[in-house]
Amino acid sequence: MNPLLCVRDIHLSFGGVRALNGISFDIQPGEIFSIIGPNGAGKTTIFNCLSCLYRPDSGSIRLEGKELVGRPPKDLAALKIARTFQNLGLFEQLSVMENVLLGRHHLMATSTLGNALRLGSTRREEAEHRARAEEILGLFDLRKLAGTAIGVLPYGVRKLVEIARGLAMEPKLLLLDEPVAGMNHEETAGITEAILRVRDRYGTGMALVEHDMRMVMAISDRVMAIDFGQHLATGKPAEVQNDPRVIEAYLGRAA
């Protein structure tokens, strides 16, 4: 099977400080691939490279053979990549449904004039996108909140909405940046179940950055550990968890 994402030997420095030093990995279609490491290890920097926010000094990032390095972030949706952020980017004054529909904006073909005149083709397209959004809300058990403004919802539910909006973009690769940060056990379990449902229902490949090791080890197909921009280990969760280099990075040499 050809990889969905192929990252090869990426290097990136900021003012002489090496942030990434020869990072390479693949993500397979339908795989949940987690990137772990201590604070400052370079996890978010990798995500910013995958999101075209940073351009590596050297190396290659290919999605289904298409080079991402050098592309502007605005191309991300067309390339079938969606990203969620630790700091939510939802529109609080809009409803759950409206936020999810925003994720489908790049898929809409009708013209501004058609929207203004409410032509038949516009109404049909709107109905199709709304039906798709309702399907996704159902997957996340959010249908009953479709008309509720984001601003009145608890943090855990907002996180679900952001993942639902990312999925509404119909990505081949979904980047999840600390999806359970700041959540209690019940909220973490809800997000974990939702991520697994997305994978099982749509076969979406996912890259995950997360500090909750219990969640990472339970949900991941494979894990890559890094430290100071250097690769430490890649493999099944238990293999990486027991790797001496990973233990040392997290707990120190004495451990």
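This text goes with the structure placed above it.
Small disclaimer: the values here were computed from a predicted structure and weren't measured.

Draft legend 1. Representation of the pairing of strand S1 (residues 5-14) in the model. In this structure, S1 lies alongside strand S2 (residues 17-27), joined through eight bridges in antiparallel fashion. Within S2, the position partnered with valine 7 by the bridge is phenylalanine 25. Looking at chain direction, S1 and strand S4 (residues 58-63) are connected through five bridges and run antiparallel. Paired with valine 7 across the bridge in S4 is isoleucine 61.

Draft legend 2. Spatial organisation of the packing of aromatic side chains. Enumeration according to the criterion identifies two aromatic pairs in this entry. Between phenylalanine 14 and tyrosine 54, the aromatic rings sit 5.3 Å apart at their centres with planes inclined by 70°, giving edge-to-face as the arrangement. Here tyrosine 54 lies in the loop between helix H1 (43-50) and S4 and phenylalanine 14 lies in strand S1, a separation of 40 residues in the sequence. Owing to a relative accessible area of 41%, phenylalanine 14 belongs among the partly exposed residues under this scheme. Here the aromatic rings of phenylalanine 25 and phenylalanine 33 are separated by 5.2 Å at their centres, their planes lie at 10°, and the arrangement is stacked.

Draft legend 3. Structural detail: the sheet that holds strand S7 (residues 173-177). On the basis of which strands lie adjacent, the open sheet formed by six strands has the order S6-S7-S8-S3-S9-S10 and mixed pairing. The sheet terminates laterally at strand S6 (81-84) and strand S10 (230-235), the two strands that pair on one side only. Taking the axes of each pair of neighbouring strands and ignoring which way they run, one obtains an average angle of 15° across the sheet. In this fold helix H5 (residues 155-168) packs onto S6 and S7, with an angle of close to 160° to the strand it touches most, S7.

Draft legend 4. Structural context of H1. Within H1, seven of the eight residues are buried, leaving the element largely enclosed by the surrounding structure. Within the span of H1, buried status applies to Lys43, Thr45, Ile46, Phe47, Asn48, Cys49 and Leu50. Cysteine 52, located one to two residues past H1, shows a positive phi value of around 65°.

Draft legend 5. Spatial organisation of the packing of H5 against helix H6 (residues 185-202). Packing of H5 against H6 brings their axes to within 10 Å, and their N-to-C directions diverge by 15°. It follows that H5 is roughly parallel to H6 by the angle criterion. Crossing of H5 over H6 shows right-handed handedness. Within the contact between the two elements, H5 uses Gly156, Lys159, Leu160, Ile163 and Leu167 and H6 uses Glu187, Gly190, Ile191, Ala194, Val198 and Tyr202. Here the contact of H5 with H6 is composed, by residue class, of seven nonpolar, two polar and two charged.

Cut-offs used in this document
Residues numbered from 1 in each chain as written. Predicted model: local features only at pLDDT ≥ 70, side-chain atom pairs only at ≥ 80, totals over all residues. Heavy atoms only, no water. Pairing = 2+ DSSP bridges. Helix = DSSP H or I, 4+ residues; strand = E, 2+ residues; numbered from the N terminus. Phe/Tyr/Trp six-rings, centres within 6.5 Å; stacked < 30°, edge-to-face > 60°. Buried < 20%, exposed > 50% of the residue type's maximum accessible area, 1.4 Å probe, protein only. Axes fitted to C-alpha atoms, helices over the stretch in contact; angles between N-to-C directions. Contact = heavy atoms within 4.5 Å. Parallel < 35°, antiparallel > 145°, perpendicular 65-115°, else oblique. Left-handed = near helix turned anticlockwise from the far one by under 90°. Nonpolar A, V, L, I, M, F, W, Y, C, P; charged D, E, K, R; others polar.

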